[in-house]
Amino acid sequence: MPAASTDPMRERIEAFNQARGGGVAVHKAGRGYSLLNARTGAPVARLKPIGDADKVQVLWWNGQRWGASGPFGVTTMPLDAALNYVASEPHFWINA
């Protein structure tokens, strides 16, 4: 029986979440990862890999759909920076 395939990016997201006490559910959907409040299921952020090393687009839930997380459009950054950005910026947690 072949080994189950791994998803290194998802594993990194989940490790970041666990290191900070949990509270976020990670769901792979389409070409990205939706981060949801584990208690309520409310959207927190969406991370979409762009195929450039470990860079992701960071989207936030505007109440109706995923949209630009920054004032100048969609923010793109390495995964570790994106996770810190989502964890530290209150606007991601307004709807959560």
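Structure's up top.
None of the values given here were measured: they were computed from a predicted structure.

1. A closer look at the layout of surface pockets
For the largest pocket, the calculated volume is near 190 Å³. Lining the largest pocket we find 13 residues, and of these Phe-16, Asn-17, Val-24, Ala-87 and Trp-93 sit closest to its centre. Of all the secondary-structure elements, those providing two or more residues to the lining of the largest pocket are helix 1 (8-19), strand 1 (24-29) and helix 2 (79-88). For the lining of the largest pocket, the class distribution of residues is ten nonpolar, two polar and one charged.

2. What to know about the pattern of salt bridges
If you walk through the whole model with that rule in mind, you get three salt bridges. Among the ionic contacts, a cluster of salt bridges with common partners joins Arg-12, Asp-54 and Asp-80.

3. Let's talk about helix 2
Among the residues of helix 2, those classed as buried are Leu-79, Ala-82, Leu-83, Tyr-85 and Val-86. Looking straight down helix 2, one finds its buried side chains confined to an arc of 160°; they lie on one side. On its buried face, helix 2 is in contact with helix 1, strand 3 (43-49), strand 4 (55-61) and strand 6 (75-78).

4. Section: the environment of Asn-95
If you trace the backbone, Asn-95 turns up in the segment after helix 2. Residue class for Asn-95 comes out partly exposed when judged on its relative accessible area of 35%. Asn-95 sits 34 residues away from Trp-61 along the chain, and the two C-alpha atoms are 7.5 Å apart.

Rules used in this analysis
Residues numbered from 1 in each chain as written. Predicted model: local features only at pLDDT ≥ 70, side-chain atom pairs only at ≥ 80, totals over all residues. Heavy atoms only, no water. 1 Å grid on protein atoms, 1.4 Å probe; cavity = no way out; pocket = protein on both sides within 12 Å on 5 of 7 lines; lining within 4 Å. Points joined across faces, edges and corners; volume = space filled by probe spheres on them. Helix = DSSP H or I, 4+ residues; strand = E, 2+ residues; numbered from the N terminus. Nonpolar A, V, L, I, M, F, W, Y, C, P; charged D, E, K, R; others polar. Salt bridge = Lys/Arg side-chain N within 4 Å of Asp/Glu carboxyl O. Buried < 20%, exposed > 50% of the residue type's maximum accessible area, 1.4 Å probe, protein only. Arc of directions from axis to C-beta. Contact = heavy atoms within 4.5 Å.

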